[in-house]
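# Notes for the structure review
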Amino acid sequence: MSSLIEQPYHYQQRELVEPDWTRFPGWREVTAAEWASVQWQRVHCIKNIKQLRELMGDLLTDAFYADLERDQAERATMSMLLPPQMINTMVSEMTWAEGRMPAAGEEFTAAFYADPVRNYMLPVFSDRRADWPSHPNSQRDSLHEHDMWVAEGLTHRYPTKVLAELLPTCPQYCGHCTRMDLVGNSTPQVTKLKLAGKPMDRHEAIIDYLKRTPTVRDVVVSGGDVANMPWKNLESFIDRVLDVDNIRDIRLASKALMGLPQHWLADDTVEGVARVSAKARSRGVGLAIHTHVNAAQSVTPLVADATKAMLDAGIRDVRNQGVLMRGVNATSEDLLDLCFALADGASITPYYFYMCDMIPFAEHWRTSLAEAQHLQHSIMGYLPGFATPRIVCDVPFVGKRWVHQVDTYDTERGISYWRKNYRTSIETEDVDVTSAEYVYYDPIYTLSTEGQAWWRQHSDAAGTHEAATAAAQASRETSVAQLD
Ligand code: SF4
């Protein structure tokens, strides 16, 4: 009898790799000291096609640039912003087929198209769905965070937790950003909302709300990405939050821990983190960093070093909140590879994978609830329980729900119904939230022929989609009948 049981997923420890950036023509002469410098990384971010061409030399074909240009004109909800660190993980040693860099031109371009990090950080027109590029019920602020602002930038959605959006920028812009309404520069498709108040006034209003709302114990300090805030301003804000007696947990949201680890490795940042961590510990407050990594190849030795620097400085835990996306990580193999790279290689706790939200032009990334449930099932049992991520659906007006918590599910039309057990800040006492139902929609192209036909019949081609919304509500009875 064999002592090794064959498993659907084969675990093996992998060493992290910092890919060699000199493989890109534009970075042939870049030194290790330059690469390690956060200033160098910020100055050399790729923000437009011209800069991408200069970096790539003859690696990519003209057809790729045309595809990218069309996406920027007709589809993109986020502008281009890629730190060198992130580009360097695309088509890297970790992903080369046959152990060699693909040849310039068609071969490299094919590998670039197929690359998971490229897929969500540098989307192109041909990635998106031609049929149903957006769900009829997609919205710019699909989670209605703005509707739940109790002060500018402060969302109070859960009973004991708030989200403080301190700034609307990040060191990197992700194609699928759920805060596309507010974060980043405007694109031809999306004119961004602007924060009206001055930063200091907004921060004052947030602190004031925390002080006069003792039922709030937990603050997610986000944006954008806190790595884009001058450290002294961020430290002063965290310091003031730590002075509010009712706050017991603070989580700093920074994808830059992966996208720009050089920021979190800079001496002044590490020293500042040590100061606020010491204060948090002395007050018994849990100060954690939540990052956002979607592919195993993004976890490099520099990311591990930055995480270690944060843990050594006194941060209680570093956790990952990834986004589940087709073409990026929506297989059990990819999710488990990522989780093991995070946990084994970088001491980052895999925490959540969010289903991609219902923002415009995201249908090609989104998975159905059934697919997400299947993935949750298929990753169980491999990781320690505390490091087994929950796949969650962020249901509009509800919040995160584990994907198996769905109440009823009309699989033909791809409409799931959810319940909640608390009131958000926009629901008054006369609303019976516990009996209300909230709705989430699968991507239409994943549905059966009948389901797709139903949506074609019920969605308003003119673009208001009110007919589809009304019809979706009416389908509740069908859903219940299906389950009986
Ligand atoms: S880092 Fe977060 S907030 Fe910034 S663009 Fe990416 S998903 Fe959006």
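These numbers were taken from a predicted model, which means no experiment stands behind them.

Conventions and cut-offs
- Residues numbered from 1 in each chain as written.
- Predicted model: local features only at pLDDT ≥ 70, side-chain atom pairs only at ≥ 80, totals over all residues.
- Helix = DSSP H or I, 4+ residues; strand = E, 2+ residues; numbered from the N terminus.
- Rg over C-alpha atoms; globule rule 2.2 N^0.38 Å.
- Contact = placed C-beta atoms within 7 Å.
- Buried ≥ 20, exposed ≤ 12 C-beta atoms within 10 Å, placed from the backbone.
- Pairing = 2+ DSSP bridges.
- Axes fitted to C-alpha atoms, helices over the stretch in contact; angles between N-to-C directions.
- Parallel < 35°, antiparallel > 145°, perpendicular 65-115°, else oblique.
- Nonpolar A, V, L, I, M, F, W, Y, C, P; charged D, E, K, R; others polar.
- Domains from an automatic or database assignment.

### Some words on the overall build of the protein chain
For the protein chain, the helix and strand inventory stands at 18 helices and 13 strands. The C-alpha radius of gyration computed for the protein chain amounts to 23 Å, which stays within 12% of the reference 23 Å derived for 484 residues, consistent with globular compactness. Along the first, second and third principal axes, the C-alpha atoms of the protein chain reach 65 × 60 × 55 Å. Here the analysis covers contacts within the protein chain between residues at least 6 apart in sequence; of these, 79% occur between residues at least 24 apart.

### Things to note about the environment of Asp-407
Among the secondary structure elements, Asp-407 is positioned in the loop between β10 (399–402) and β11 (408–410). According to the C-beta neighbour criterion, Asp-407 is partly exposed, with 14 such atoms within 10 Å. Separated by 10 residues in sequence, Asp-407 and Tyr-417 have C-alpha atoms that sit 5.6 Å apart. Once residues within four sequence positions are removed from consideration, Asp-407 is found in contact with Tyr-417, Trp-418, Arg-419 and Glu-437.

### Digging into the sheet that holds strand β13 (residues 438–441)
In spatial order, the strands read β11-β12-β13; together these 3 strands make up an open sheet with antiparallel pairing. The sheet terminates laterally at β11 and β13, the two strands that pair on one side only. The sheet shows a mean angle of 20° between the axes of neighbouring strands, direction not considered. Judged from the 3 bridges that link them, β11 and strand β12 (residues 415–418) form a sheet pairing that is antiparallel. Of the residues in β12, the one forming a bridge with Thr-408 is Tyr-417.

### Overview of the sheet that holds strand β9 (residues 390–395)
Taking strand neighbours across the sheet as the criterion, the 10 strands line up as β1-β2-β3-β4-β5-β6-β7-β8-β9-β10 in an open arrangement whose pairing is mixed. Here the strands that pair on one side only, and so sit at the sheet edges, are β1 (149–151) and β10. Pairing of β9 with β10 involves 4 bridges; the strand directions are antiparallel. Paired with Asp-394 across the bridge in β10 is Lys-400. Running over the sheet, helix α15 (residues 369–379) touches β7 (317–324), β8 (349–355) and β9 and is turned about 155° from β9.

### Examining the pairing of β12
Here β11 folds back onto β12, and the loop between the two strands holds 4 residues, one of which, Gly-414, carries a positive phi near 65°. One ladder, built from 4 bridges, connects β12 with β13; its direction is antiparallel. Paired with Tyr-417 across the strands is Val-439, a residue of β13.

### Side note on the packing of helix α9 (residues 231–242) against helix α12 (residues 267–282)
Look at α9 against α12: their axes get within 10 Å of each other, and the N-to-C directions meet at 5°. Between α9 and α12, the angle is such that the two are roughly parallel. Between α9, through Trp-231, Glu-235, Ile-238, Asp-239 and Leu-242, and α12, the contact on the second element is made entirely by Asp-268, Thr-269, Gly-272, Arg-275, Val-276, Lys-279 and Ala-280. Counted by class, the contact of α9 with α12 contains 5 nonpolar, 2 polar and 5 charged residues.

### Examining the domain arrangement of the protein chain
We note that the domain assignment places domain 1 (29–400) and domain 2 (406–484) within the protein chain. Using only C-alpha atoms to locate each centre, domain 1 and domain 2 end up separated by 29 Å. Taken residue by residue, the interface counts 24 residues in domain 1 and 23 residues in domain 2. When the residues that make up the side of domain 1 that touches domain 2 are grouped by side-chain class, the tally is 14 nonpolar, 4 polar and 6 charged.

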